[in-house]
Amino acid sequence: MERRMATLASPPAETAEPLAGRASRWPFFLFALTGFTGVLAEQGFEKYMSLLVGATAAASTVVIFSYFLGFALGSWGTGVFVRRGGVRQPLRIYGLLEFLVGISCVVFSYSFHPIVDKLAPWQALYANPLLKFAVRFAFGSILLLPAAALMGASFPLIARAVDRGNASQGKSWLLAYALNLVGAVLAALSGPYLMMPRIGIRGALWLCFGIGAFVFAVCLVVKLPTSESREESRSDEARVGTLKAALDPDARTLLTGAFASGFLFFALEVLWTHLIGIAIGGSVYAFSSMLTCVLLGLLIGAFRVHKAAGEHHRVSYSKIFQFAALLLVIQLRLWDWGQALFVIDLPHPLQNFYAVEAIKLALAAVLIVPSAAMLGAIYPCLLRSPVLERPGYSYLVGYVNTWNSLGCLAGAVAGIFFLIPVLGAEWSLKLIIVVSLGVGLLFVWRESPSRKALRTALGGMTIVLLYTGLVRWDKRMIASGMNVYFGQVAPADQANKPAAPERTAELIFFDESAQGGVTSVIQFTNVKTHATERVLLTNGKYEGSDDLDNQGMAQIGFSAIPTLFAGDTGRALLIGLGTGHSALALARMGYRRVDVAEFAPGIVKASRQIYARLTEGALDFPNVTLHLEDGRNLLQTNPGVTYDLITVEITSVWFAGATNVYSREFYQLAKSRLRPQGALQQWIQLHHISPREVESEIATARSVFPYVSFWYFGGQGIMVASMDPQIPDDARLAMVAGRMKLLIKRPTSEQQRIADEMFRSRILSPGEVDRMLHQAEAHGRPAVINTDHNRWLEYATPRYNSSNADWVSRNLAFLRSFEARQ
């Protein structure tokens, strides 16, 4: 991905004149900055792409695909000019391109929302979820292509500057590639942990512009020797050798290796992005750890090749692919059992955000770095192949570059459209192991080994294949959610608690998809009473249950409380299906039409199959329509549809991507889709989050809606926002109380008690919310407004996941401190 695959830039053949003096060091430093900029921009692009395609894995794949398509086009275009002798000052042109990359980053940030608005009608052309996703995938790729093409065009130029004429036989270029990866690793770590929480996503893209401007300025000042390329003086006979090179069996094997290495690596990266949420959690920091480990693997592979550059021994590509397969098999066993790490009771000094993230990073490194390092060494080794040193074969480097790019593109597309949705992560990893062994066998055949070496290779492959077939993931470990709070349990997260002696736990549902990750249902059974509770999980994170005493009352409150203030009960939108109980609640509240937006297919299946009794089959009611769609995109692509109530009940705000429905831009969109006297409800997490973040959530809604109130019912925070004063009349109170009786299957007195409790559950009125925000501003610490461009909540909220403090009590005390004194 991005600049980490700077190997796309082929080592050019120029004069053998070596660089000398201080000027020769600048290209290496600039190339390190290039790596930093590329990864920082990638992380920013990915956040914007999540607004278009929804899931993190999907957004990452769009960026990967776009980057490599752009790299291929950009490097091809630059290669045309190079072959025509049109590049005499590669460093200056490189600097100009980097400056343009910076400009494209800023332009992307400011043009993304207007362009997506214009494309909204095209997104709505297809009802089929796969076709709709394909359209968004194509749109996202096109939006990123200009920046990616500029990055790709700059690679060959900087490569010419650092290794002119291949005077160092590729060693200087390999060193530059390694330094490029050092910059990339630094960006992968510092971006989410240091920069983006402070300057936001748009600020990070402005930083990319600043670095690009600096690189351009340096390139204008630094003077490097100019000379004509050897390629310009190459004879016509040598040019004919290009065709011969393409037909040579050794060359075809080389191209196969280039394609296979790109395909395997980036198919794996898509799988790693998908699996990391299961292994170490679904926060933005977990995905940063994954990216860091991928880059670190490539860096280790590059340094290994650089270190061996002076050694004149033949590289055994068969062994590289075989060892990569062996490492993948070992890691295959760790993806499920790695969860056992999170049962450790951490000593008090380690119970902090940075220590926990370091432990998670270490686990991610064990799972990813070894195989990434092995596969990451293949492409640099291919570029040092003796085949490329034959007379007339230098242009074959361009073919190697092209086939590697095609492999990267194919791997990314196969991962998101075939491997995960059709095979699932476990069997996809097994298939990649088999493919790696197959490519290794091809190289064994080409290397003409001795019989003993051949028997050894075939024997090793057979053992790896047998073990691969025998390994089975323990789905109970995959669904356990041990990593979610690292031993600390949210009050409602019963699924994350070990089964008590009087309860047994059984996995009764398991589904995997690229959009929704792993959806599972665990059934807890009381061994004495035989009473059961079925808990719904996403990547091990609690989503809901069929126990009304647990969170069932909150599901009713999510619909009943905002209905008190909705002008009519004509049409409602539920964003986030969960168990489906909220859909039933909306239908029972009398809404004549209910739209349900749910992005994860597994959630829908679980609701239909496991929670049918709880929901009374609400998804099949004639007035209920299910949209397998991201809720924000549903609003975006249907401007003609308006609602009396929009209720948002997605997973925890700290999940990567969840902030898309907690931002000012989302509230502005929702406001534009509400009918007169319409209302918006949003679940507000109170556990594992501090008052500062709760205040930000309320303030962000208040920046759009003039009336915002906060309620606490069923153990959950509920925010209601509207354009009109929130003053329910007696008729509406009586209507809602009557409707609640249809949902609460209990004696009449108990039903009335619960209804009265709900009516009294408001903590902050709109006026008290304003008092809270005005006081924060008066004290010089105004509430942070969360936007699509800073995504502040996404970076702030995960920091409390490892805390064992009673944040619910703290947050309630903070909010109640602003209640009007009676």
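Refer to the preceding data block for the structure.
In what follows, the accompanying structure is described. Since we're looking at a predicted model, the values are computed, not measured.

Helix and strand content of the protein: 26 helices and 12 strands. Classification of the 822 residues of the protein by burial places 62% in the buried group. Of the accessible surface of the protein, which amounts to about 30,400 Å², a share of 61% is contributed by carbon and sulfur atoms.

With that settled, the discussion passes to the sheet that holds strand β9 (residues 674-684). Read from one edge to the other, the open sheet built from eight strands follows the order β7-β6-β5-β8-β9-β11-β10-β12, with strand pairing classed as mixed. Here the strands that pair on one side only, and so sit at the sheet edges, are β7 (624-627) and β12 (762-764). Averaged over all pairs of adjacent strands, the angle between their axes in this sheet comes to 20 degrees, without regard to strand direction. Relative to β9, strand β8 (residues 643-648) runs parallel, the two sharing five bridges.

Despite not being glycine, Asn539 shows a phi value in the positive range, around 50 degrees. Along the polypeptide, Asn539 turns up in the loop between β3 (532-538) and β4 (541-545). By relative accessible area, which is 12% here, Asn539 ends up buried. With a phi close to 55 degrees, Glu616 is a non-glycine residue in the positive phi region. Relative to the helices and strands, Glu616 resides in the loop between α18 (612-615) and β7.

Counting through the fold element by element, Lys541 comes out in strand β4. Classification of Lys541 as buried rests on a relative accessible area of 3%. When the C-alpha atoms of Lys541 and Thr651 are compared, they prove to be 8.2 Å apart, with 110 residues separating the residues in sequence. Within the structure, the side chain of Lys541 is placed 3.0 Å from the side chain of Ser652, a separation counted as a polar contact.

With 10 bridges joining them, strand β1 (residues 503-513) and strand β2 (residues 517-526) adopt antiparallel strand pairing. The residue of β2 that forms the bridge with Glu512 is Val518. The hairpin turn running from β1 into β2, its antiparallel successor, is three residues long.

Attention now goes to the side chain of Glu693. When you line up the elements, Glu693 lands in helix α21 (residues 691-702). The side chain of Glu693 is buried and forms no salt bridge, while Arg692, the nearest opposite charge, is found at 6.1 Å. Not counting residues within four places of it along the chain, the set of residues in contact with Glu693 comprises Trp792, Leu793, Ala796, Thr797 and Tyr800.

Another point: the packing of aromatic side chains. By convention here, two paired aromatic rings are described through the distance between centres and the angle between planes. The tally for this structure, following the rule as stated, stands at 27 aromatic pairs. With a centroid separation of 6.1 Å and 45 degrees between ring planes, the pair formed by Tyr193 and Phe353 is classed as tilted. Pair noted here: Tyr193 is in helix α5 (residues 171-221) and Phe353 is in helix α10 (residues 353-376), with a separation of 160 residues, a long-range link. With respect to class, Tyr193 is no different from Phe353; both count as buried. Here the aromatic rings of Trp654 and Phe655 are separated by 4.8 Å at their centres, their planes lie at 65 degrees, and the arrangement is edge-to-face. Judged by relative accessible area, which is 2%, Trp654 ranks as buried. Given a relative accessible area of 10%, Phe655 falls into the buried group. Among the aromatic residues, those joined into a ring-pair cluster are Phe45, Tyr48, Tyr67, Phe108 and Phe112. Sitting over the face of the ring of Trp427, Lys430 holds its NZ or CZ atom 4.1 Å from the ring centroid.

What follows covers the sheet that holds β2. Across the sheet, four strands lie side by side as β1-β2-β3-β4; this open sheet has antiparallel pairing. Across the chains shown, the open sheet's two edge strands, defined by having one partner strand only, are β1 and β4. Looking at each pair of strands side by side, their axes are set apart by 25 degrees on average, direction ignored. Bridge count between β3 and β4: four bridges; the pairing is antiparallel. Residue Leu536 lies in a different strand from β4, and its bridge partner there is Gly544. The sheet strands contacting helix α17 (residues 601-609) are β1, β2 and β3, and the helix crosses β1 at an angle near 135 degrees.

Next up on the list: the packing of helix α7 (residues 249-279) against α10. Interaxial distance between α7 and α10 falls to 12 Å at its minimum, and their mutual angle equals 180 degrees. When the axes of α7 and α10 are compared, the pair comes out roughly antiparallel. Along its contact with α7, which presents Leu264, Phe265, Leu268, Trp272, Ile276 and Ala279, the element α10 presents Leu363, Ala364, Leu367, Ile368, Ser371, Ala372, Leu375 and Gly376. Looking at the contact of α7 with α10 residue by residue, the classes come out as 12 nonpolar, two polar and no charged.

Core analysis: the largest hydrophobic core is formed by 151 residues, its most contacted members being Phe45, Met49, Tyr94, Phe112, Trp335 and Ile368. For this core, the element with the most residues is α5, which contributes 20 residues. Apart from the residues within four sequence positions on either side, Phe45 is in contact with Val63, Tyr67, Cys105, Phe108, Leu144, Ala147, Met151 and Leu205. Within the second largest apolar cluster, 101 residues are counted, among which are Ala587, Ile689, Ala783 and Leu793.

Side-chain pairing between opposite charges can occur once the charged atoms of the two side chains come close. All told, the structure shown has 21 salt bridges when counted by the stated rule. Lys430 is paired through a salt bridge with Glu426; the nearest N and O atoms lie 3.4 Å apart. Placement of the pair is Lys430 and Glu426 together in helix α12 (residues 396-446), with a separation of four residues, close to one helical turn. Taken individually, Lys430 and Glu426 each receive the classification buried, so the pair is uniform in this respect. A salt bridge links Glu695 to Arg692, with the nearest nitrogen and oxygen atoms 3.4 Å apart. Taken together, the residues Glu695 and Arg692, both in helix α21 and three residues apart, mark about one turn of the helix. Overlapping salt bridges bring together Arg746, Glu750, Arg753 and Glu757 as one network.

Rules of the game
- Residues numbered from 1 in each chain as written.
- Predicted model: local features only at pLDDT ≥ 70, side-chain atom pairs only at ≥ 80, totals over all residues.
- Heavy atoms only, no water.
- Helix = DSSP H or I, 4+ residues; strand = E, 2+ residues; numbered from the N terminus.
- Buried < 20%, exposed > 50% of the residue type's maximum accessible area, 1.4 Å probe, protein only.
- Areas by Shrake-Rupley, 256 points an atom, 1.4 Å probe, with all protein chains shown as cover.
- Pairing = 2+ DSSP bridges.
- Axes fitted to C-alpha atoms, helices over the stretch in contact; angles between N-to-C directions.
- Polar contact = N/O pair within 3.5 Å; in protein donor to acceptor, adjacent residues only side chain to side chain.
- Lys, Arg positive; Asp, Glu negative; His and termini not counted.
- Salt bridge = Lys/Arg side-chain N within 4 Å of Asp/Glu carboxyl O.
- Contact = heavy atoms within 4.5 Å.
- Phe/Tyr/Trp six-rings, centres within 6.5 Å; stacked < 30°, edge-to-face > 60°.
- Lys NZ or Arg CZ within 6 Å of the ring centre and 35° of its normal.
- Parallel < 35°, antiparallel > 145°, perpendicular 65-115°, else oblique.
- Nonpolar A, V, L, I, M, F, W, Y, C, P; charged D, E, K, R; others polar.
- Core = buried A, V, L, I, M, F, W, Y, C linked by side-chain atoms within 4.5 Å.

Purely geometric numbers; function is a separate question.
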